[in-house]
Amino acid sequence: DIQMTQSPSSLSASVGDRVTITCRASQSISNYVNWYQQKSGKAPKLLIYSASTLQSGVPSRFSGSGSGTGFTLTISSLQAEDFATFYCQQSYTVPYTFGQGTKLEIK
Amino acid sequence: EVQVVESGGGLVKPGGSLRLSCAASGFNFNIYNMNWVRQAPGKGLEWVSSIVGSSTYIYYADSVKGRFTISRDNAKNLLFLQMNSLRVEDTAVYYCARDLSDYSNPLDYWGQGILVTVSS
């Protein structure tokens, strides 16, 4: 199975900060990576797919990049509503594994 | 409006069975791949199973293979997950999710989730 390793596992930041979350795949997966945001008690929400395509309706402060084994999710200027847990997911091959999550908290 | 709504969860004893349903609306159900994803209490997301629109191709996580069966009824816009030989470690919120069917198969619509508790 392809392992997806996110870093950091948790992060404290302030409104207005620029934040980057990294996801590393255990083997090359081209750009078959999706990013999700999950708020407490809610279903995940798709943010970015195919490593860098912004899902419809998602604010442009979210962006994704990477290919091969290294991927990043960047939030250019944190807003209060962005604090949540973020997951990367590979869809290169089954099983479609997720990263362990990055919890973004208010500093 | 696209909606997917899970039902059928609850408390079951180890070794028991449960059938989850997911009712889809607002889109042409029979052309979309559908998935089940679960989340154990306080843990991360785990992909469980996928089924293509025609049911021709079906995939499972190793952790559920041989115990869970995914299926769909395109005439009724329903997705199912038959769960047999349930274990304590199957306790989780189960989400039904639509596959956007774009290049990287992202999951673009998720249900609210349904809790399955396996306990004696």
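See the structure printed just above.
Residues numbered from 1 in each chain as written. Chains lettered and ligands numbered in written order. Predicted model: local features only at pLDDT ≥ 70, side-chain atom pairs only at ≥ 80, totals over all residues. Heavy atoms only, no water.

Draft legend 1. Main features of the overall build of chain A. Along its length, chain A carries zero helices and 10 strands. Reading chain A from its N terminus to its C terminus gives the helix and strand order β-β-β-β-β-β-β-β-β-β. Principal-axis analysis of the C-alpha atoms gives chain A an extent of 35 × 25 × 25 Å. Expressed as a percentage of its 107 residues, the buried residues of chain A come to 49%. Counted over contacts in chain A with a minimum sequence separation of 6, partners at least 24 positions apart contribute 56%. Just so you have it, chain A exposes about 4,600 Å², and 44% of that area is on carbon and sulfur atoms. (Helix = DSSP H or I, 4+ residues; strand = E, 2+ residues; numbered from the N terminus. Buried < 20%, exposed > 50% of the residue type's maximum accessible area, 1.4 Å probe, protein only. Contact = heavy atoms within 4.5 Å. Areas by Shrake-Rupley, 256 points an atom, 1.4 Å probe, with all protein chains shown as cover.)

Draft legend 2. View of the overall build of chain B. Broken down by element type, chain B carries zero helices and 11 strands. When the elements of chain B are put in sequence order from the N terminus, they spell out β-β-β-β-β-β-β-β-β-β-β. Against the 2.2 N^0.38 benchmark of 14 Å for 120 residues, chain B shows a C-alpha radius of gyration of 14 Å, consistent with a compact globule. Counting only C-alpha atoms and orienting by the principal axes, one finds that chain B spans roughly 40 × 25 × 25 Å. Each of the 120 residues in chain B was classed as buried or not, and the buried ones make up 50%. Taking the contacts inside chain B whose residues are at least 6 apart along the sequence as the reference set, 53% of them involve residues at least 24 apart. Separation between the mean location of the 10 positive side-chain charges and that of the 10 negative ones in chain B comes to 8 Å. (Rg over C-alpha atoms; globule rule 2.2 N^0.38 Å. Lys, Arg positive; Asp, Glu negative; His and termini not counted. Charge placed at Lys NZ, Arg CZ, Asp CG, Glu CD.)

Draft legend 3. Broad picture of the pattern of salt bridges. Residues and elements named next belong to chain A. The final tally for this structure, using the stated rule, is eight salt bridges over all chains. Asp-82 is the salt-bridge partner of Arg-61, the closest N and O atoms lying 2.7 Å from each other. Here Asp-82 lies in the loop between β8 (70-75) and β9 (85-90) and Arg-61 lies in the loop between β6 (53-54) and β7 (62-67), a separation of 21 residues in the sequence. With a relative accessible area of 2%, Asp-82 lands in the buried category. (Salt bridge = Lys/Arg side-chain N within 4 Å of Asp/Glu carboxyl O.)

Draft legend 4. Representation of the packing of aromatic side chains within the structure. Residues and elements named next belong to chain B. Taken as a whole and assessed by the stated rule, the structure comprises eight aromatic pairs over all chains. When the ring of Tyr-95 is compared with that of Trp-110, the centres are 5.7 Å apart and the planes differ by 75 degrees; the resulting orientation is edge-to-face. Pair noted here: Tyr-95 is in strand β9 (residues 92-99) and Trp-110 is in strand β10 (residues 107-110), with a separation of 15 residues, a long-range link. Both residues of the pair, Tyr-95 and Trp-110, belong to the buried class. (Phe/Tyr/Trp six-rings, centres within 6.5 Å; stacked < 30°, edge-to-face > 60°.)

Draft legend 5. Molecular detail of the sheet that holds β6(A). Residue and element names in this part refer to chain A. The strand order β2-β10-β9-β4-β5-β6 describes an open sheet built from six strands, whose pairing is mixed. Strands with a single pairing partner mark the edges of an open sheet, and in this sheet they are β2 (10-13) and β6. Of the pairings in the sheet, the one linking β2 to strand β10 (residues 102-106) comprises four bridges and is parallel in character. The residue bridging Leu-11 from the neighbouring strand is Leu-104, located in β10. (Pairing = 2+ DSSP bridges.)

Draft legend 6. Just unusual backbone geometry, in detail. The residue after A:Ser7, namely A:Pro8, is reached through a cis peptide bond having omega -5 degrees. Position of A:Pro8 among the secondary structure elements: in the loop between β1 (4-7) and β2. The peptide bond linking A:Val94 to A:Pro95 adopts the cis configuration, its omega dihedral lying at 0 degrees. Note that A:Pro95 resides in the loop between β9 and β10. Phi is positive for B:Ser55, close to 70 degrees, though the residue is something other than glycine. Summarising the element assignment, B:Ser55 is placed in the loop between β5 (45-51) and β6 (58-60).

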